[in-house]
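So you can see what is in the structure, the chains are spelled out below.
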Amino acid sequence: MPTEDQSSWQFIFQSVVPDLFQNTLKLFIFTILNTFLLGTTSAFFISFTDIPLKKYFQYLLLTGLSIPLYVFAFIYVGMFEFSGPFMSFFRETLGINLHQYINIKDSYWVSLVISFGLFPYVYIFTKNAFDNVGEQMIFASRSLGYSPMKTFLKLILPYSKPWIFSSLILVCMETLADFGAVSVFNYDTFTTAIYTSWMALFSLSSAARLSLFLVVMALLLFFIDSKFNKKGTHHQRSAKKLKSPLFKLTTTQKVLALFIVGGITFFSFFLPITQLAFWFLEGFKEEWGEHYYSLIFSTFKIGLIASLAIVILAFLMSYLKNYLPNKFNNRVNLLSLLGYALPGSIIAVAVFLYFRFFGDHLPIFQTGTLAVLILGLLIRFLSVGFRSLDNHIGAINPNLEKASKSLGHGFLGTLKRIFLPLSSKAALIGIVLVFIEVIKEMPMTLMLRPQMENTLAIKIFELTSEGEWERASISSVFLVCLGLISVYVVNKLSVEKN
Amino acid sequence: MNVLELESIFQKYEDKEVLSDLTFQVEKGELFCILGKSGCGKSTLLHSIAGFTNPYQGSISINGKTVFDKRTNIAPEKRNIGLVFQDFSLFPHLSVKENIEYGLDTKSSADKTKRSCELLELVGLQGFESKFPNELSGGEQQRVAIARALAPSPELILLDEPFSNLDPDKRIHLRAEIKEIFKKAGITSIFITHDQHEAFELADRIGLISAGKFLQIGTPEEIFNSPVNQHVVSFLDNGIIIEDAKKLSELQLMNTPHFFPYHSLSLTHDKAENTLQGKISRKVFQGDHHQYSVMIDTLDLHINTAKQFDLNQSIFVKFDLEKAKKI
């Protein structure tokens, strides 16, 4: 065994790793550029101009986030591959061979599709920063002789740099962690290589070594973000909003703005959703069957168990963090942030290795059991639940705890009678947020799930591996709908909370 | 010479008239204060002068050059007006020096440094160049905000409630300091406030504004000692107006309304010349004196004295006729 393993690693290291680096690097560079352009441009138009239909665009620009990246990927591959309907139409009807210009599996196009899925992060961070500048700073700048355009370039952009930077780091993390989308494109990165060396070459040790590269890169990103984005540079202020837009657009400019922002929403939402709906309607009758009931059941089962476990743990952690001495604080904070920085594939490998050694003593934690999968998901998504709850619990007036204790309630009594009721809504939001992340999760579920336990995401993976776009659309529509519902629910709950 | 001239400015905000028929001038080197309660249109007026909102009628000129009327509307960045905000609004990502040099974009870097050094000296913040706004106290931030606004040598500087974000004990100290800085540098300025003590202390002239209209414009002494009507007196709460013919004749005054500042009134136990009978309705201990509220029929007035009187006691209020002003 060890010699065989050794040789497959040698092979991987010499012939695959350099390509993986190159692919990952290209993907990073293109995706950073693309998401930066898409995100800041759309944030600019929404925050600072009187673009028509702003109310709708604000939300439409975000809806792309409810489509999992791998769904984006297979929709675009399906549309633009050589034999796809789009390409065929151009080739056969118009006599244009679009394939010359668009090779959807080429790194630039892979990145562009991924960017349409990820740019909303840049958009939302940048928009927050832009709105945070506020009326008075803009007035100050203009009274000092700066025109609106100069104010934007010299004040607003530099001011927003830390946010934009953070969002681009987040985009990189998501790109690095992505497994589903790149595997649809057959675009090899570390995540797909880890999967292949484990599941196809059966070399767990190669998978572990590849994971090490990925860990180093993920930690590097994490480090860059915390190093170059010192806390102080994110200025949280409650700024007065601009009463009238910084830029009043002329009619021509409005048309141009609509064309740009409309184009972005078209490619990030309308086009993929339309294609998905089309496939869904075409393929539903043939594809739908009893086995989908068990897929949906499994998806909900895993999603609910994981999100409940995470939110309970996150609640306790946040409570302890806020009401116990400081030393504990920072560690918990760091730990919770780190989880999200680590790609699912790495956690899968780590958890698997760990329980292969210790599983013998703990029967329920044998590899291939539900408990191990849940544990992996918990490590990966704890930060999502923790941040959502901690924002809320951290904001509870600390005097309430003192009041409760002075009235004779101890640690547990205070927890039960004050913090639980006050944070029930935040917990619900946390559950929804975690749930949606868990059911979309692909690589870890793929590698750690019990053998007979299939989820919607797994189904999508299986069908897209065979190029069955139409059949994969059924599960995708479920995931997208659940995603949209969750956004709605979270919005609704947050509004009520305020 | 007038630096600023406003000619019958009218302005609406969401169909509500917020400024109506405002006319005033500010002379070179003058500290002009706009005093009014919150929501009276003070900030709108400041924004109109700076060019961030537009009146629907009237004209504004700076140094004889029209910046706003029916045909003209000069952009804020070309009006050469400095602004200091209530929350100071320093650029948080820039150092003190960079904040001050922000408005000197067209100058060479040597000139920039020279100017920012001058200003740091003027506001007494040498050695703070490389600090960031979040490392400064409120008072220091305010001085940086003033230095930043002064850097491009504006014709006029507008200050929006510049002291209200500071601790009360710091305010008094800073007011004196700022007045000195402005006078030394010969700066023309308009500042708005809701605090009459601030206005009296700082201003060369005060424009008292209510519901978008000027009630009175004048020096602090004029406004305090010779208010033009009941609205001014109610706003300042600095005295009473006696209009009642019977009371006026008791005081042997002509039958026109007279204003008496509170400091011209005193309390005695016995009836004497120029007194009216009243009753103590409220008594508040204030350390070295008491503040008494006295009711004379329906007139409610406030008198400070170290003398002792009892609540509900019947007393006489003595009027110092020399300080009375006809209205």
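Computed from a predicted structure; not experimentally measured.

Procedures and definitions
Residues numbered from 1 in each chain as written. Chains lettered and ligands numbered in written order. Predicted model: local features only at pLDDT ≥ 70, side-chain atom pairs only at ≥ 80, totals over all residues. Heavy atoms only, no water. Buried < 20%, exposed > 50% of the residue type's maximum accessible area, 1.4 Å probe, protein only. Helix = DSSP H or I, 4+ residues; strand = E, 2+ residues; numbered from the N terminus. 1 Å grid on protein atoms, 1.4 Å probe; cavity = no way out; pocket = protein on both sides within 12 Å on 5 of 7 lines; lining within 4 Å. Points joined across faces, edges and corners; volume = space filled by probe spheres on them. Pairing = 2+ DSSP bridges. Domains from an automatic or database assignment. Contact = heavy atoms within 4.5 Å. Buried area = accessible area lost by both parts, 1.4 Å probe. Phe/Tyr/Trp six-rings, centres within 6.5 Å; stacked < 30°, edge-to-face > 60°. Lys NZ or Arg CZ within 6 Å of the ring centre and 35° of its normal.

1. Brief notes about unusual backbone geometry
All names here are of chain B. Despite not being glycine, Ser153 shows a phi value in the positive range, around 50 degrees. Overall, Ser153 belongs to the partly exposed group, its relative accessible area being 47%. Phi at Asp297 takes a positive value of approximately 55 degrees, unusual for a residue other than glycine. Tracing the backbone through its elements, the reader meets Asp297 in the loop between strand 15 (290–296) and strand 16 (299–305). By relative accessible area, which is 60% here, Asp297 ends up exposed.

2. Concerning the layout of surface pockets
Empty space within the second largest pocket amounts to approximately 980 Å³. If you trace the second largest pocket, you find 41 residues lining it, with Glu135(A), Phe139(A), His47(B), Phe52(B) and Thr53(B) closest to the centre. At five residues, the largest contribution of residues to the lining of the second largest pocket is made by helix 5 (residues 107–143) of chain A.

3. Some remarks on the pairing of strand 8 (residues 189–193) of chain B
All names here are of chain B. The element strand 8 is largely enclosed, with a buried count of five among its five residues. Alternating residues of strand 8 divide into Ser189, Phe191 and Thr193 and Ile190 and Ile192, and every residue in both groups is buried. Direction of pairing for strand 3 (residues 31–35) relative to strand 8: parallel, over a ladder of five bridges. Paired with Phe32 across the strands is Ile190, a residue of strand 8. Of the strand pairs in this sheet, strand 7 (residues 156–160) and strand 8 are connected by four bridges, and their pairing is parallel. For Leu159, the partnering residue across the bridge sits in strand 8 and is Phe191.

4. Here we look at the domain arrangement of chain A
Residues and elements named next belong to chain A. Taken domain by domain, chain A consists of domain 1 (1–282) and domain 2 (288–498). Computed from C-alpha coordinates alone, the two centres of domain 1 and domain 2 are separated by 24 Å. Taken together, the 39 residues of domain 1 in the interface contact 35 residues of domain 2. Overall, the association of domain 1 and domain 2 removes approximately 3200 Å² of surface from exposure, summing both partners, and the carbon and sulfur fraction of that is 81%.

5. Remarks on the packing of aromatic side chains
As enumerated under the stated definition, the model contains 41 aromatic pairs over all chains in all. Measuring from ring centre to ring centre gives 5.6 Å for Trp288(A) and Tyr293(A), while their planes differ by 80 degrees; the resulting arrangement is edge-to-face. Ring centres of Phe91(B) and Tyr102(B) lie 4.6 Å apart, and the angle between their planes is 50 degrees; this geometry places the pair in the tilted category. Of this pair, Phe91(B) sits in the loop between strand 6 (81–84) and helix 2 (96–101) while Tyr102(B) sits in the loop between helix 2 and helix 3 (109–122), and the two are 11 residues apart along the sequence. The exposure classification of Phe91(B) matches that of Tyr102(B), with both residues buried. An aromatic cluster of three or more residues is present, and its members are Phe44(A), Phe45(A), Phe48(A), Phe130(A), Phe152(A) and Phe247(A). Over the face of the ring belonging to Tyr146(A) we find Lys150(A), whose NZ or CZ atom lies 4.4 Å from the ring centre.

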